[in-house]
Amino acid sequence: MKKISLTIFFCYCITFLSAQVLGDYRSAVTGNWNALATWQSYDGSAWVAAAVTPTSTNANAINIQAGHTVTVNAAVTVDEVTVNGTMNTTGAIILTIANGTAVDLQINGTYGDLTTASIVWNAGATWQMGASGTLIKTTISSSNNWQSNYQGGIATIPVSSNWILRKTGTSQPALSTTAPATGSVYPNLTIENNTGTAWVTPLGSSFTGSTISATVKGNLDIGGSGTNTVSFQSANTYVNPVVINGNVLIRTGNTLRNFGTGFEIQGNLTVSGTISYDANDARKLVFSGGNTQSISGTGTLNVWDCILNKSANSVTLNRIMTIDNLMIFTSGIINTTATNLLIFASTATVTGANNTSFANGPVRYFGTNAFTFPIGKNADYQALAIGSYTATGGAFWTENFSNGCTSLCNASGYSGSNGAWSVTLPTGNGTNANNFWVSCAENGNVVGGCGISCGGDATLHVGNVFTSPAAPFFCPAGDCGAAYDAGFADGTCVTDKRAESPTINCTGRAGIIAGFKYMEGGATTLDNATFWYFDGSAWSQLADMAKTVVCVGQGTWTAFSIALPASADNNPNVKIGFRWVNNDDGAGADPSFAVDDVQLSISPESFTAEYFYANPQVVYNNNLAPTLSYIDACEYWVLNRLPSASTAVTNVTLTWDANSCPAIPQVSDTRVAHFDLVTWQDEGNGGNTGTTAAGTVVSAAPVTYFSPFTIGFIPVTPLPIEMVRFDGACAENSVSLKWTTATETDNDFFTVERSVDGISFAAVGNVNGAGNSTQLLNYEFGDTDPFSGANYYRIKQTDFNGHYSYSKIIVVDTKNCGNQNLQLVHTFFNADDLEINYTHANGTVTIEVYNAEGKLIYSSQDPAVNSAHHINVAGWSKSLYFIRISDGLNSVSRTVLR
């Protein structure tokens, strides 16, 4: 009974606390705040039609119910307002928030701050956002007050709520960065544009300041559900970047201008539009936090500085990302693939890569400078570096439109350094059609810079003619830069013209890329520029370039490139062209079109490298050049050069550390080994750094072709003993190992080491040495517990001073043990001689030797019962060989390493 009575009492308390009280207001319908019909009030027992509209002095709590929209259309002071539906302030109406006994404005639904007048917050007045609340700002009214008057501090705003900066008219909606002093904080932040023209955010609608940076607790969405595009600027120059705890999404056609310190992103980055940057400031993207992150999208993603600084997990590239200046690896892995590459531009550099931070997958470098690829696998950073080299690619045809023509130069007949251009008329043109001009009236500024109407760098551009209807008003003489006459709907300004280059000889060139910088405006596709190509017989359109961002009334100079069709390869009759069309409907959007710095080039050289932690002898083979004794058995690199026709050559540097195997015997014995698809070739040792624990080796000369690489070793440095024989044989269920020395110097002891794979060895016993000797001494060791199958053995010899070195490796297969009729006693390479010792009961023995590819390279028959069979192996490579003897009934085999 006590439990039941307590439960009933609890429910009663909750009902009591949530009950309405005299003087509460709620919306009854959608309407204006100052309309009585909009409201109901509570009279102490029921909701009734309101006698007056609510204010802070006559109302207790005010609730705008879900499904209702209440618009403030007259000045009013309120407090304790809860918005479950929608509340808007519009026009120049001033809303004052008074300080009541609770939160003065609770937004659970949507609040539209659509007024040009800032909301007035009385001392102590606060607001709060619900988990699904939305705040929309469309005007220049203050955003600082919203940031500074949040209940409990703006840092407590729910991460799931929404703050939308939406341009709907001529007013520029405000955004805060440095208010309060601890920095502005946003939940999910969306920047969108619902006007008829592209929106380039001014400083008041951007992240700015130098004293603190803003934080977005949720996602940053550039574009949102806007009906037009936005170019959002971040010009905040505080030492720490703007922090985005969630995802960053740049929608198609939209731009994020990273003009300040940059962004720290802890979620995913999706760029289907563009990230651009200016010529100053840090302009960095930092990927941090402990979440698994991805980088996706279909737009342009060139990053000035990129920093990988994660506390856990990795970043995965689902698209290409290009680093233009610097990438800093601090912690965290970035995963790449052959189609989703991490690319470094020609002047880019890398710092900080380590065993916890590197690129897991292929990395590409465009450029001719020395470059170290920040690559690795698992928890192993193993860099590969290339030296500087001479490029064979690059531009072979250029046109800068700078032959001294400064004004009123008709593009038809303009003659540059390559010959004369022409202008053709693909379809009908009006009597006052706009024209292609070559002059400095539209200056060719740097990519990313705004256009200016005149300067010293001539361009090809579209402008009006002096007879056009609007010429007297804005350009009486004609050619005022990239500004066209949209006409008066009389048909006289209809334009369809193509500026065509002189013939371009592409003989001897393939994989041709056309590149230029341009600006383009125009009213949709009705006023539009396109890029064309002529193969010697017909013209075809290659690209419809995107409209460029408008800044300060002019276009932004933008880089563009495209591959020419294969028909341009080795073609002496190529042309390119730029076509401009506009109708005569009177609707235009300057700038028109301008182009400069046109060039045709063949692809510059690039190198792509990837590291693999695997045995290259298994992946490829163990065929070694005669100068190599063995190669690294657990790692290799693949380095490829593009394009395939390139003849660029460069030195290659490889690295080793504790993860390399076997351990480096001594630094000077290392070589760059290069697989030519048949044999691991010796590229020499052009220098070393480091120690046997960690270091590098560089090829002795530039490498001329590219594929797999690994670390090779020349024959092991001679032991302080002269070992004339080391072999092993089965003895019942054990292995008998025997070796002979001719001389010994300060020899303390031998350690017999065994391996199941020839890579990882472990000691199985010690045998004392003789110290110093100049006579033949025989040693023997019995391994009573060998592996089943192949056993790899080597001898580690240790001096009295602790120095040590290794013998060659031999192989004994225990599957041959116990066969009394036929036994391989031992096999032994000695210079150019292979000695095979065997015993058998009777008959003739067939002796066969196979190379590492399984090809029979030697066969002989020997009638002797006990024999030491000798084979001349001059010319045989340093490799593994398979020896098989048989007597018709039994066969015994062994693998031996030369």
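Heads up: the structure comes first, above all this text.
On a predicted model such as this, the values are computed, not experimentally measured, just so you know.

Go over the overall build of the chain with me, naming the residues and quoting the values.
What the chain contains, in helices and strands, is four helices and 78 strands. Here the C-alpha atoms of the chain give a radius of gyration of 40 Å, more than 25% beyond the 29 Å that 2.2 N^0.38 yields for 898 residues. The principal-axis extents of the C-alpha atoms in the chain amount to approximately 120 × 105 × 50 Å. Of the roughly 35,800 Å² that the chain leaves accessible, carbon and sulfur atoms contribute 54%. Averaged over its 36 positive side-chain charges, the chain has a centre that lies 4 Å from the centre of its 61 negative ones.

Any chance you could break down the state of the cysteines for me, citing the residues and the numbers?
This structure, assessed with the given rule, holds three disulfides. Between Cys634 and Cys661 runs a disulfide, and the two sulfur atoms are separated by 2.2 Å. Within this pair, whereas Cys634 is found in the loop between β57 (630–631) and β58 (636–642), its partner Cys661 is found in the loop between β59 (652–656) and β60 (670–675), the two being separated by 27 residues in sequence. With relative accessibility at 7%, the residue Cys634 sits in the buried group. On the accessibility criterion, Cys661 (12% relative accessible area) is buried.

Can you lay out the packing of aromatic side chains for me, pointing to particular residues and giving the numbers?
We describe a pair of aromatic rings using the distance from one ring centre to the other and the angle between the two ring planes. This structure, assessed with the given rule, holds 40 aromatic pairs. Arranged with centres 4.3 Å apart and planes meeting at 5°, the rings of Tyr365 and Phe371 form a pair that is stacked. The two residues Tyr365 and Phe371 agree in class, both being buried. A centroid spacing of 6.1 Å and a plane angle of 70° characterise the contact between Phe516 and Tyr518, whose relative ring orientation is edge-to-face. The same class applies to Phe516 as to Tyr518, namely buried. Ring pairing ties together the aromatic residues Tyr111, Trp121, Trp127, Trp146, Tyr150, Trp163, Tyr186, Phe207, Phe232 and Phe263, which thus form one cluster.

With reference to specific residues and values, describe the pairing of strand β29 (residues 284–289).
The buried count for β29 comes to six of six residues, which makes it a mostly enclosed element. Across the two faces of β29 the burial is the same, with Lys284, Val286 and Ser288 and Leu285, Phe287 and Gly289 all buried. Strand direction decides the pairing type here: strand β26 (residues 262–265) and β29, joined by four bridges, are parallel. Considered in β29, the bridge of Ile265 is made with Phe287. Pairing of β29 with strand β31 (residues 300–317) involves six bridges; the strand directions are parallel. Paired with Gly289 across the bridge in β31 is Lys310.

Any details on the pattern of salt bridges? Residues and values, ideally.
Going through the model one piece at a time under the given rule, you end up with eleven salt bridges. With a shortest N-O distance of 2.5 Å, Arg166 and Glu192 are connected by a salt bridge. With a gap of 26 residues between them, Arg166 in strand β16 (residues 162–167) and Glu192 in strand β18 (residues 188–193) connect regions that are remote in the sequence. Glu192 matches Arg166 in its accessibility class, with the two residues each being buried. The partner of Asp496 in a salt bridge is Arg579, with the nearest N and O atoms 2.6 Å apart.

Residues and numbers for the sheet that holds strand β10 (residues 95–97), please.
On the basis of which strands lie adjacent, the open sheet formed by three strands has the order β7-β10-β13 and parallel pairing. Looking at the sheet topology across the chains shown, the edges are occupied by β7 (76–78) and β13 (120–121). In terms of strand pairing, β7 meets β10 through three bridges, oriented parallel. What sits directly across from Thr77, in β10, is Thr96.

Can you lay out the environment of Asn582 for me, pointing to particular residues and giving the numbers?
Turning to its location among the elements, Asn582 is positioned in strand β54 (residues 575–582). Classification of Asn582 as buried rests on a relative accessible area of 3%. Along the backbone, Asn582 and Gly802 are 220 residues apart, and their C-alpha atoms lie at a distance of 86 Å. Setting aside residues no more than four positions away along its own chain, Asn582 makes contact with Asn434, Tyr484, Asp485, Cys493, Val494, Thr495, Leu526 and Asp527.

For the environment of Cys306, give the residues involved together with the corresponding values.
Looking at the secondary structure, you find Cys306 in strand β31. Considering only alpha carbons, one finds Cys306 and Gly262, 44 residues apart in sequence, at a separation of 9.6 Å. Setting aside its immediate chain neighbours within four residues, Cys306 contacts Leu285, Phe287, Met321, Ile323, Leu326, Met327 and Ile328.

Explain the side chain of Asp657 to me, using residue names and the numbers behind them.
Structurally, the position occupied by Asp657 is in the loop between β59 and β60. Buried charged residue Asp657 carries no salt bridge. Nearest counter-charge: Lys377, at 14 Å. Polar contacts involving the side chain of Asp657 include one to the main-chain amide nitrogen of Asn659, which spans 2.8 Å. Every residue in contact with Asp657, bar those within four places of it in the chain, is listed here: Asn355, Asp380, Tyr381, Gln382, Ala693 and Ala694.

Describe in detail the pairing of strand β48 (residues 512–520), supporting the description with residues and values.
Of all nine residues making up β48, eight are buried, and the element is well covered by its neighbours. Alignment of β48 against strand β55 (residues 593–602), held across eight bridges, turns out to be antiparallel. Across the sheet, residue Gly515 finds its bridge partner in β55, namely Gln599. Sheet analysis places β48 next to strand β53 (residues 558–563), joined by six bridges and oriented antiparallel. Within β53, the residue paired with Gly515 across the bridge is Ser561.

I'd like to hear about a nonpolar patch on the surface, residue by residue, with values.
There is a patch of nonpolar side chains on the surface, built from Phe473, Phe474 and Phe488 and spanning about 370 Å² of accessible area. Tracing the backbone through its elements, the reader meets Phe488 in the loop between α3 (471–474) and β47 (495–500). Assessed through its relative accessible area of 52%, Phe488 is described here as exposed.

For the sheet that holds β59, give the residues involved together with the corresponding values.
Judged by pairing direction, the sheet is antiparallel, and its five strands sit side by side in the order β37-β40-β59-β63-β62 without closing on themselves. Two strands in the sheet have a free side with no partner beyond their single neighbour: β37 (371–373) and β62 (688–690). If you compare each strand with its neighbour and ignore which way they point, the axes differ by 20° on average. Relative to strand β63 (residues 695–698), β62 is paired through three bridges, and the arrangement is antiparallel. Its bridge partner being in β63, Asn688 is matched across the sheet by Val697.

Residue-level account of unusual backbone geometry, with values.
In this model, Ala179 is joined to Pro180 through a cis peptide bond whose omega is -5°. Note the cis peptide between Asp590 and Pro591, where omega equals 5°. Counting through the fold element by element, Pro591 comes out in the loop between β54 and β55. With phi around 65°, Asn313 is a residue other than glycine that occupies positive phi space. Relative to the assigned elements, Asn313 resides in strand β31.

Describe the nonpolar core, naming the residues involved and giving the relevant values.
Side chains of nonpolar character tend, in soluble globular proteins, to be buried together. Membership of the largest hydrophobic core comes to 104 residues, with the highest contact counts inside it found for Trp33, Trp127, Leu342 and Phe373. In this structure Phe373 touches Val363, Arg364, Tyr365, Tyr381, Ala383, Leu384, Ile386, Phe607, Ala609 and Leu639, once residues within four positions along its chain are discounted. By size, the runner-up hydrophobic cluster in this structure holds 36 residues, among which are Tyr414, Cys506, Phe516 and Tyr518.

Please set out the environment of Asn505 residue by residue, giving values where relevant.
Here Asn505 is to be found in the loop between β47 and β48. A residue is classified by how much of its surface remains accessible, and Asn505, at 46% relative accessible area, is partly exposed. When the C-alpha positions of Asn505 and Pro572 are compared, they lie 3.9 Å apart, and in sequence the two are 67 residues distant. Residues in contact with Asn505, not counting those within four places in the same chain, are Phe396, Asn571 and Pro572. Looking at Asn505, its side chain comes within polar contact range of the side chain of Thr507, at 2.6 Å.

About the criteria used
Residues numbered from 1 in each chain as written. Predicted model: local features only at pLDDT ≥ 70, side-chain atom pairs only at ≥ 80, totals over all residues. Heavy atoms only, no water. Helix = DSSP H or I, 4+ residues; strand = E, 2+ residues; numbered from the N terminus. Rg over C-alpha atoms; globule rule 2.2 N^0.38 Å. Areas by Shrake-Rupley, 256 points an atom, 1.4 Å probe, with all protein chains shown as cover. Lys, Arg positive; Asp, Glu negative; His and termini not counted. Charge placed at Lys NZ, Arg CZ, Asp CG, Glu CD. Disulfide = S-S within 2.5 Å. Buried < 20%, exposed > 50% of the residue type's maximum accessible area, 1.4 Å probe, protein only. Phe/Tyr/Trp six-rings, centres within 6.5 Å; stacked < 30°, edge-to-face > 60°. Pairing = 2+ DSSP bridges. Salt bridge = Lys/Arg side-chain N within 4 Å of Asp/Glu carboxyl O. Contact = heavy atoms within 4.5 Å. Polar contact = N/O pair within 3.5 Å; in protein donor to acceptor, adjacent residues only side chain to side chain. Patch = residues over 30% accessible without salt bridge, like charges linked within 9 Å, V, L, I, M, F, W, Y side chains within 5 Å. Axes fitted to C-alpha atoms, helices over the stretch in contact; angles between N-to-C directions. Core = buried A, V, L, I, M, F, W, Y, C linked by side-chain atoms within 4.5 Å.

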